[in-house]
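What follows is the residue order along each chain.
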Amino acid sequence: QVQLVESGGGLVQAGGSLRLSCAASVSIINFVTMGWYRQAPGKQRELVATIGSRTSTNYADSVKGRFTISRDNAKNTLYLEMNSLKYEDTGVYYCAAKRWGDPVFGSWGQGTQVTVSS
């Protein structure tokens with residue numbers, strides 16, 4: 001069973017930065033796509049960013065230019081660099097992974113809380 005463990009969340013002032021990490025229990029070359037989702041209180045979970053096996057990236061419009069997703073296959077780790085944080089970036093951030101041939105993200109982490117104070 002795949003385990004994804006997020007870390008790096010915390011409390012930060014608006015305009016600040018955080019770097020999230022997601023460590024996988026298996027080689028992440030098994031995953032065609034990895035991504036970060038977030039869920040704010042009272043809202044649905046939303047896609048933040050994804051990265052493909054060939055490092056192609058995709059971002060939600062709300063984070064373009066501020067967030068950077070990357071993956072280190074040697075360390076089996078996914079990252080999310082978050083800069084110029086805004087109050088509305090507050091939420092629980094989840095790491096997700098999709099295996100080759102799977103139609104959806106089948107593996108999820110437990111989440112890490114990001115709180116941005118205004």
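Residues numbered from 1 in each chain as written. Predicted model: local features only at pLDDT ≥ 70, side-chain atom pairs only at ≥ 80, totals over all residues. Heavy atoms only, no water.

**Student:** Can you tell me about the side chain of Thr33, naming the residues and giving the values?
**Tutor:** With respect to the helices and strands, the residue Thr33 is situated in strand S4 (residues 31–39). Beyond its immediate sequence surroundings of up to four residues, Thr33 is in contact with Thr50, Ile51, Gly52, Ala96, Ala97, Lys98 and Phe105. (Helix = DSSP H or I, 4+ residues; strand = E, 2+ residues; numbered from the N terminus. Contact = heavy atoms within 4.5 Å.)

**Student:** Kindly report on the sheet that holds strand S3 (residues 18–24), identifying the contributing residues and their values.
**Tutor:** If you walk across this open sheet you meet the four strands as S1-S3-S8-S7, and the pairing is antiparallel. Edge positions in the sheet fall to strand S1 (4–7) and strand S7 (67–72), since each of these pairs with one other strand and no more. Within the sheet, the average angular offset between the axes of one strand and its neighbour, ignoring direction, is 15°. Sheet analysis places S7 next to strand S8 (residues 77–82), joined by six bridges and oriented antiparallel. Each bridged residue has a counterpart across the sheet, and for Ile69 the counterpart in S8 is Leu80. (Pairing = 2+ DSSP bridges. Axes fitted to C-alpha atoms, helices over the stretch in contact; angles between N-to-C directions.)

**Student:** So what's going on with the pairing of S3? Which residues, and what values?
**Tutor:** Counting buried positions over the seven residues of S3 gives five, a clear majority of the element. As judged from the four bridges shared by S1 and S3, these two strands associate in the antiparallel manner. Across the sheet, Ser7 pairs through a bridge with Ser21, a residue of S3. As paired strands, S3 and S8 are joined by six bridges and run antiparallel to one another. (Buried < 20%, exposed > 50% of the residue type's maximum accessible area, 1.4 Å probe, protein only.)

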